[in-house]
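Structural characterization, general
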Amino acid sequence: MAAPKVAVVGAGVIGLSTALCIAETCPSCSVTVLSDQFSPNTTSDIAAGMLIPHTYPGTPIHVQKQWFTETFTYLFAISNSAEASEAGIHLVSGWQVFKNTPEEELPFWSDVVLGFRPMSEAELQKFPQHRFGQAFTTLKCDCPPYLLWLEKRLKATGVQIYTRKVADLWELHSEYNIVVNCTGIGAHQLVGDEKLFPIRGQVLKVHAPWVKNFIRDGDGLTYIYPGIHRVTLGGTREKGSWSLSPNPGTTKDIFDRCCSLEPSLRGAQDIKVKVGLRPSRWCVRLQREVLSQGGLKLPVVHNYGHGAGGFSVHRGTAKEAAHLVGECIAALQGSSSRAKL
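All of these numbers come straight from a predicted model, not from anything done at the bench.

In this section: the overall build of the protein chain. A count of helices and strands for the protein chain gives nine helices and 14 strands. Radius of gyration (C-alpha) of the protein chain: 21 Å, near the 20 Å computed for a compact globule of 341 residues. Oriented by its inertia axes, the alpha-carbon framework of the protein chain measures out at about 75 × 40 × 40 Å. Burial analysis of the protein chain (341 residues in total) assigns 55% to the buried set.

This brings us to helix α6 (residues 143–156). In a regular helix each residue adds 1.5 Å, so 14 residues correspond to 20 Å; α6 covers 20 Å between its end C-alpha atoms and thus fits that length. Within α6 the residues assigned to the buried category are Cys143, Tyr146, Leu147, Trp149, Leu150, Glu151 and Leu154. A positive phi of about 90 degrees marks Gly158, the residue just after α6.

Here we take up the pairing of strand β10 (residues 223–226). Going residue by residue along β10, you find Tyr223 and Tyr225 tucked away on one face and Ile224 and Pro226 tucked away on the opposite face as well. Sheet analysis places strand β9 (residues 214–217) next to β10, joined by two bridges and oriented antiparallel. Residue pairing for β10: Ile215 is matched across the bridge by Ile224. The hairpin turn running from β9 into β10, its antiparallel successor, is five residues long, and Gly220 in that turn takes a positive phi close to 80 degrees. As defined by bridge partners, β10 adjoins strand β11 (residues 231–234) across four bridges and the pair is classed as antiparallel. Each residue of the ladder has a partner; that of Tyr225, found in β11, is Thr232.

Take unusual backbone geometry next. Of note, the amide linkage connecting Ser39 to Pro40 takes the cis form, showing an omega dihedral of 10 degrees. Considering the arrangement of structural elements, one finds Pro40 in the loop between β2 (30–35) and α2 (43–46). Gly235 follows Gly234 through a cis peptide bond whose omega is 5 degrees. Take Gly235: it is sitting in the loop between β11 and β12 (238–239). Although it is not a glycine, Asp270 sits at a positive phi angle of roughly 55 degrees. For Asp270, the location among the structural elements is in strand β13 (residues 269–293).

In the numbering adopted here, UniProt assigns the feature "domain: FAD dependent oxidoreductase" (unreviewed entry) to residues 5–324. Within residues 5–324, the helical portion is 28% and the strand portion 33%, while the C-alpha atoms at the span's ends are 15 Å from each other.

Looking at where Ala7 falls in the secondary structure, it is placed in strand β1 (residues 5–9). Given a relative accessible area of 0%, Ala7 falls into the buried group. C-alpha separation for the pair Ala7 and Arg237, spaced 230 residues apart in sequence, amounts to 32 Å. Sequence-distant contacts of Ala7, that is, excluding residues within four places in its chain, are made with Thr32, Leu34, Leu172, Tyr176, Ile178, Val179 and Val180.

What follows deals with the packing of helix α1 (residues 13–25) against α6. One can describe the packing of α1 onto α6 by two numbers: an axis separation of 10 Å at closest approach and a directional angle of 25 degrees. Considered as vectors, α1 and α6 are oriented roughly parallel to each other. In this structure, α1 crosses over α6, and the sense of that crossing is left-handed. Residues Val13, Leu16, Ser17, Ala19, Leu20 and Glu24 of α1 form the contact with α6, whose own contacting residues are Tyr146, Leu147, Leu150, Glu151, Arg153 and Leu154. Here the contact of α1 with α6 is built from residues that sort into eight nonpolar, one polar and three charged.

Calculation criteria
- Residues numbered from 1 in each chain as written.
- Predicted model: local features only at pLDDT ≥ 70, side-chain atom pairs only at ≥ 80, totals over all residues.
- Heavy atoms only, no water.
- Helix = DSSP H or I, 4+ residues; strand = E, 2+ residues; numbered from the N terminus.
- Rg over C-alpha atoms; globule rule 2.2 N^0.38 Å.
- Buried < 20%, exposed > 50% of the residue type's maximum accessible area, 1.4 Å probe, protein only.
- Expected span 1.5 Å × (residues − 1).
- Pairing = 2+ DSSP bridges.
- UniProt positions renumbered as here; feature names shortened; annotations may be inferred.
- Contact = heavy atoms within 4.5 Å.
- Axes fitted to C-alpha atoms, helices over the stretch in contact; angles between N-to-C directions.
- Parallel < 35°, antiparallel > 145°, perpendicular 65-115°, else oblique.
- Left-handed = near helix turned anticlockwise from the far one by under 90°.
- Nonpolar A, V, L, I, M, F, W, Y, C, P; charged D, E, K, R; others polar.

Pasting the structure below:
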């Protein structure tokens, strides 16, 4: 058969990295990215981009660890290259602090990040309300630069990128052999996934260049993540809320919570408020499906539902989605050679 045509729908971090993995692993494919929104207007642009995994209850831990390890390894190589600043990827050290000792003192990812260890008594003096903590070094993606870097990589590998709103995957049937669904929260409407729900996140992006270390409260609600140009202060986890309007009361609450962890933030300047909807599920939907309609068939690969953990596992899930696309191509080639017989 002719070179298979693959459409990747969605241009957040999952869509762009999935398209890149497909182009790298299936060089005979023609890959196109279709989305109605690109950076800086995606949910990924609002994310802090910290590599600290979120746990998916419905996904085996060894699978989550593999996704995280592949992502960390990939970004660590970029952070050690001349492209680090353009890609917005850098190492950042800091602390995760707890008011009570967690049941699991060694999270599954502790041997993937760098230098993971319990905090010393002297370090804990910085956080008088907390009794236990972990110190480690991880990676951070500054999201808009990273998405633009991915787009540049895609164009360099010959991937086509078009602005287009896809209302129904079937509308792509006449143009593409395989469709990859990376639409995040948009999959709720696009494929009618009732298991997908928004977790609204409101964050502040502030100018506070003296803040060099990340600080994350163990409950995952309050965090301070320094980027190259701005510090992300968070946050909220409002399950089921679709509102994209900033809440002024929430802004004050986030700022006060972060200042209780890092009092110097009282001097932060140029506070911008951002709101995003994390596409959350019991587990990431990463699977093949063949849609059928009136005797026609459309192979689809789904890769969405990463919730708060998309940046931590994006490369690992993209590689798995690309592998599933390879299986779809093999199935198509098998059926076309049988048709010739």
